[in-house]
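An overview of the molecular structure
These are the residues of each chain, in order.
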Amino acid sequence: MFIEDIKNDFYNVLLGNRVLLLVHYDVDAICTCKILQGLFKCDNVSYTLVPVGGISELKQAYEENNEEVKYVVLINCGGTIDLVDILQPEEDVVFFVLDAHKPTDVCNVYSDGQVRLVYKDDEENIPNFDDIFRDDEDEDENEESEGGREGLEAMVERRRERRAWEDRRNTLMFNYTQFSYYGKPSACVAVELAWRVSRCGWAAVWAGAVAAAAQHALHTRTPAAALLDADCLHRHLPPEHSHTGARVSLEKDACLPLYRRWSLEAALQHAPALAPSLKLHTLAGHARLRQLLADCGIPLQQARQAYRSMDVELRRSLLTALETAAPRHKLPAPTHTTFLLHRPHSPALAAIDDVYAIMGLIEHETTPKGEGFQLALSALDIDSGENDSRRAGCESAQAALRGVARLVHATLSARKLLLAGPFSYFIVQEGTPEARLVKGPLWLGVAARWAAAASGGTRAVVASTAIDEHNCLLLGIPPRYQHEPRNLFGAAFENAATKCGASVSLEHVDSSIITLPISQRAQFLDALTALLA
């Protein structure tokens, strides 16, 4: 069931109780967790925090931590599965679900109160209860009690109606579940909650801004929806006179992640939004990049030194120069309106930089995921100056972006982006340095979108990489993902696995990501090609 009042029906219920907080490994979930931690600290709410990566981890975390816990809060996990059926909780346990993954499981939607959904997205077209649930016990009893010709005719008519109802239900459920997509960022909902309880400070707004930037950077929301998310956050900015240190503002900035920590040339070479259009995997690509810098009026010597060491006038005119030069090179819009964090005696920090820092921490090459999760929470701090967690995250993100660029350039130049009917696919070669950097779904997704954009952006792309000696990760990116991120690969993967008998694991929270044995990958891709042809 959906709650009506986020303050009274959700937050006030938790006050004075011990809470189990289950949080998924993604940027939005970590930002939401950061906001809730701040609220819980203010109101002395005791909680147990457990990060989870998939459905089996979610089940294990609940089983290990459910003693004397009556309230469970799930962040970006649990909404797309039948929670009661999978977790088998006691009847007095209540689950509050704040999940941006869509579509929401209908059993959670029509729960009698044990599962309470914190937010309903306007895009969800949920079928009516009577169209998908039906009580056949009374009909079975009537069939047993009736006799004679009239009873037989009535029984036949009821069975015909039942079959027609089942056909309608199957059609409704297919239409409802065929696409997976993302709703409003959970952190934006948490900012709304903080505002409702009069505790919406700069820290909460910044966490919400980073979550909204993640949805925009990873193309999980349409541009129009991302704009509305940013506008919602902008309306909750505290008054300017309320800040004594850090503050957040909505400003125009370059679509170059981490460019303040890089040289401008390196930032352009590794920017997922712009680099694919420069086609740096071709011989003419680097000449095109140098011509772009020349058209911007930036000498190569300036572009190759650290951005903070560039001439002040060149830095001030950078956004205007990029906007002027981009149309000549047929580049996407090189600037966008985003949130910036301003701190005393420190350079401005763009929300997208914290996005990549968090990605670098939770999919770090050597740091365990649990430790990376805690570091990612620290990276959201808005204290003055630089913190070690954010610095480590940015360094990891820079290394990952370099790896993604090398991977995509090698794939395209060697013509290893293979055509398979209605989609293209590539497989990350095992044992390469890039394979260690893109072994998680976040960075593999960046590589897949980069490859899709560099090859025209009109075809769907499937990417796969090994996660250990025997198993691999496989994910799908929809065609024209920049404009319509709804993804049909979740349902397609499930059907292809059934068709070919592959031992596919569907435990990822995002259904467009699966795990399967490496030995069955070729067989699975053949079945997927035949299914989508």
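Structure's up top.
Read on for an overview of the structure. These numbers were taken from a predicted model, which means no experiment stands behind them. (Residues numbered from 1 in each chain as written. Predicted model: local features only at pLDDT ≥ 70, side-chain atom pairs only at ≥ 80, totals over all residues. Heavy atoms only, no water.)

**Examining the overall build of the protein**
The condition is simple: Helix and strand definitions here come from DSSP, where helices need a minimum of 4 consecutive H or I residues and strands a minimum of 2 consecutive E residues; each element is numbered from the N-terminal end. Atoms counted for the radius of gyration: C-alpha only. Globule rule: 2.2 Å times residue count to the power 0.38. To sort residues, take the accessible area from a 1.4 Å probe on protein chains only and compare it with the maximum for the residue type: under 20% means buried, over 50% means exposed, and anything in between is partly exposed. For this analysis, residues touch if any pair of their heavy atoms sits within 4.5 Å. Surface exposure here means Shrake-Rupley accessible area, sampled with a 1.4 Å probe, where a residue is shielded only by the protein chains that are shown. In this tally, Asp and Glu contribute negative charge and Lys and Arg positive charge; neither His nor the terminal groups of the chain are included. Just so you know, the charge point we use is NZ for Lys, CZ for Arg, CG for Asp and CD for Glu.
Counting its regular elements, the protein contains 24 helices and 15 strands. The C-alpha atoms of the protein give 25 Å as radius of gyration, which agrees with the globular expectation for 533 residues (24 Å, within 12%). Judged by the C-alpha coordinates and their principal axes, the protein covers about 95 × 55 × 40 Å. Scored against the burial criterion, the 533 residues of the protein give a buried share of 55%. Contacts spanning at least 24 positions in sequence make up 70% of the contacts within the protein whose residues lie at least 6 apart. Working note: accessible area of the protein is about 23700 Å², and carbon and sulfur atoms make up 48% of it. Both charge centroids of the protein, one from 52 positive and one from 71 negative side chains, sit 11 Å from each other.

**Concerning the packing of helix H10 (residues 202-217) against helix H18 (residues 351-362)**
Let me state the cut-off plainly: Angles run from 0 to 180 degrees between N-to-C directions of axes, and those axes are lines fitted to C-alpha atoms, restricted for helices to the stretch in contact. Roughly parallel covers angles under 35 degrees, roughly antiparallel covers those over 145, roughly perpendicular covers 65 to 115, and oblique covers all other angles. For this classification, the nonpolar set comprises Ala, Val, Leu, Ile, Met, Phe, Trp, Tyr, Cys and Pro, the charged set comprises Asp, Glu, Lys and Arg, and every other residue, Gly included, is treated as polar.
One can describe the packing of H10 onto H18 by two numbers: an axis separation of 8 Å at closest approach and a directional angle of 80°. On the basis of their axis angle, the class for H10 and H18 is roughly perpendicular. Contacts between H10 and H18 involve Trp-206, Ala-209, Val-210, Ala-213, Ala-214 and Ala-217 from the first element and Ala-351, Ile-352, Asp-354, Val-355, Tyr-356 and Ile-358 from the second. Grouping the amino acids of the contact of H10 with H18 by side-chain chemistry returns eleven nonpolar, no polar and one charged.

**Re the packing of aromatic side chains**
Remark: the centre distance and the inter-plane angle together describe each pair of aromatic rings, the angle taken between the planes. For clarity, the threshold we go by: The pairing test for Phe, Tyr and Trp rings, Trp by its six-membered ring, is centres within 6.5 Å, and the orientation test on the planes gives stacked under 30 degrees, edge-to-face over 60, and tilted for anything in between. Whether a charge sits over a ring depends on NZ of Lys or CZ of Arg being within 6 Å of the ring centre and within 35 degrees of the ring normal.
Counted according to the given criterion, the structure contains 14 aromatic pairs. Arranged with centres 5.1 Å apart and planes meeting at 55°, the rings of Phe-10 and Phe-96 form a pair that is tilted. Taken as a pair, Phe-10 in helix H1 (residues 7-14) and Phe-96 in strand E4 (residues 94-98) lie far apart in primary sequence, 86 residues in all. Residue classification places Phe-96 among the buried residues on the basis of a relative accessible area of 0%. In this structure an aromatic cluster arises from ring pairing among Phe-423, Phe-489, Phe-493 and Phe-524. The residue whose ring lies beneath Arg-486 is Tyr-181, and the NZ or CZ to ring-centre distance is 4.0 Å.

**Digging into the side chain of Thr-338**
Residue position: Thr-338 is located in strand E9 (residues 335-342). Judged by relative accessible area, which is 6%, Thr-338 ranks as buried. When near neighbours in sequence (up to four residues on either side) are disregarded, Thr-338 contacts Ser-249, Leu-250, Glu-251, Asp-253 and Ala-351.

**Things to note about the state of the cysteines**
Two cysteines whose sulfur atoms are joined by a covalent bond form what is called a disulfide. Applied cut-off: Pairs of cysteine sulfur atoms within 2.5 Å are what we label disulfides.
This structure, assessed with the given rule, holds zero disulfides. Left unpaired, Cys-394 is separated from the closest cysteine sulfur, that of Cys-31, by 14 Å.

**Some words on the sheet that holds strand E10 (residues 349-350)**
Rules: Between any two strands, at least two bridges found by DSSP are needed for them to pair.
Taken in spatial order, the three strands of this open sheet run E8-E9-E10, and their pairing is antiparallel. Of all strands in the sheet, those with a lone pairing partner are strand E8 (247-254) and E10, marking the two edges. Sheet analysis places E8 next to E9, joined by eight bridges and oriented antiparallel. Among the inter-strand pairings, Arg-247 is bridged to a residue of E9, identified as His-342. Across the sheet, helix H17 (residues 318-325) lies against E8 and E9, angled at about 35° from E8, the strand it touches most.

**Brief notes about the environment of Pro-334**
Inspection of the secondary structure puts Pro-334 in the loop between H17 and E9. Overall, the relative accessible area of 6% leaves Pro-334 in the buried class. Each C-alpha atom of the pair Pro-334 and Leu-264 lies 13 Å from the other, and the pair is 70 residues apart in sequence. The residues touching Pro-334, leaving out its near neighbours within four places in the chain, are Asp-253, Ala-254, Cys-255, Leu-274, Leu-322, Glu-323 and Ala-326.

**Some points on the environment of Arg-521**
Secondary-structure assignment places Arg-521 in helix H24 (residues 521-532). Put simply, Arg-521 and Thr-337 are 184 residues apart on the chain and 41 Å apart in space, counted from C-alpha to C-alpha. Other than its neighbours up to four places away in sequence, Arg-521 contacts Ile-427, Glu-430, Ser-464, Thr-465, Cys-472, Leu-474 and Leu-516.

**Considering the pattern of salt bridges**
Stated formally: Salt bridge, as used here: a side-chain nitrogen of Lys or Arg that lies within 4 Å of a carboxyl oxygen of Asp or Glu.
Applying the stated criterion across every chain, the model contains 18 salt bridges. For Asp-253, the salt bridge is made with Arg-260, and the minimal N-O distance between the two is 3.1 Å.

**Section: the sheet that holds strand E11 (residues 418-420)**
Pairing within the open sheet is mixed, and its five strands lie in the order E11-E12-E13-E14-E15. Edge strands, defined here as strands with exactly one partner in the open sheet, are E11 and strand E15 (513-517). For this sheet the average axis-to-axis angle between neighbouring strands, irrespective of direction, equals 30°. Direction of pairing for strand E12 (residues 423-427) relative to strand E13 (residues 460-466): parallel, over a ladder of five bridges.

**Quick look at the nonpolar core**
When a protein is soluble and globular, its nonpolar side chains tend to lie buried together. We apply this condition: Definition used in this section: a nonpolar core is a set of buried Ala, Val, Leu, Ile, Met, Phe, Trp, Tyr and Cys residues joined via side-chain atoms within 4.5 Å.
Trp-206, Leu-256, Phe-426 and Trp-443 are the most contacted members of the largest nonpolar core, which has 134 residues in total. With twelve residues, the top contributor of residues to this core is H10. If we ignore the near neighbours within four places in the chain, the residues touching Leu-256 are Leu-264, Ala-267, Leu-268, Ala-271, Leu-274 and Leu-322.

**Notes on helix H19 (residues 369-379)**
This is how the line gets drawn: Summarising the geometry, the arc corresponds to the directions from the helix axis toward the C-beta atoms.
Inspection of H19 places Gly-372, Phe-373, Ala-376, Leu-377 and Ala-379 among the buried residues, and these make up the whole buried set. Summarising the axial view, the buried residues of H19 lie within an arc of 155°, below the 170-degree limit, and thus occupy one face. The elements touched by buried residues of H19 are strand E1 (19-24), helix H2 (27-42), strand E2 (47-52), H18 and helix H20 (388-413).

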